[in-house]
Amino acid sequence: MFSAGKLTGRFWFRRTWTGKLILLVEEEKPRWFGRGTLTKSRWRDARLLDLAEVPLRALMTLERTYRADYASGATPQAVAPPVKRGAIPTPIGRAASARA
């Protein structure tokens with residue numbers, strides 16, 4: 001049904017009028033009357049099977065690692081140091097001897 005084209009590994013996103021994101025992939029297609037190795041680059045909407053191709057595995061790895069970092073909640077939180085009774089607390093991020 002579809003003619004075979006080789007994916008180059010380049011991708012882009014476009015937004016539709018309704019707000020959906022569409023993944024675009026670049027492929028090298030042989031020319032209609034091309035002789036030898038003449039090819040033409042073109043952009044097309046990605047299909048589900050394109051994500052299993054070797055050139056787009058880096059995109060899938062990027063998605064998996066990004067979600068793992070995002071969902072882990074491993075962002076460092078600022079913790080106030082313990083304050084002794086009667087001492088003047090110093091704001092976090094400012095040296096004790098610095099004057100404002």
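Preceding block: the structure.
Structure report, in brief. (Residues numbered from 1 in each chain as written. Predicted model: local features only at pLDDT ≥ 70, side-chain atom pairs only at ≥ 80, totals over all residues. Heavy atoms only, no water.)

Turning to the overall build of the protein, a few remarks are in order. The secondary structure content of the protein amounts to one helix and three strands. Written out in order from the N terminus, the α and β elements of the protein read β-β-β-α. When the 100 residues of the protein are sorted by exposure, 12% land in the buried category. Across the protein, contacts joining residues at least 24 apart in sequence account for 24% of those joining residues at least 6 apart. For the protein, the exposed area adds up to about 9400 Å²; of that, 60% sits on carbon and sulfur atoms. (Helix = DSSP H or I, 4+ residues; strand = E, 2+ residues; numbered from the N terminus. Buried < 20%, exposed > 50% of the residue type's maximum accessible area, 1.4 Å probe, protein only. Contact = heavy atoms within 4.5 Å. Areas by Shrake-Rupley, 256 points an atom, 1.4 Å probe, with all protein chains shown as cover.)

Applying the stated criterion across every chain, the model contains five salt bridges. For R14, the salt bridge goes to D45, with nearest N and O atoms at 3.2 Å. With a gap of 31 residues between them, R14 in strand β1 (residues 6-15) and D45 in strand β3 (residues 39-45) connect regions that are remote in the sequence. Looking at D45, the relative accessible area reads 38%, which means it is partly exposed. Here E27 ties to R42 by a salt bridge, and the two come within 2.9 Å at their closest N and O atoms. Here E27, found in strand β2 (residues 21-30), pairs with R42, found in strand β3; they are 15 residues apart in sequence, far enough to count as distant. Given a relative accessible area of 33%, R42 falls into the partly exposed group. Beyond isolated ion pairs, a larger network of salt bridges with shared partners links E27, R42, R44 and D50. (Salt bridge = Lys/Arg side-chain N within 4 Å of Asp/Glu carboxyl O.)

Inspection of the secondary structure puts A46 in the loop between β3 and α1 (57-72). Taking the C-alpha atoms as reference points, A46 and I22, 24 residues apart in sequence, are found 7.7 Å from one another. Setting aside chain neighbours within four positions, we find A46 in contact with L23 and V25.

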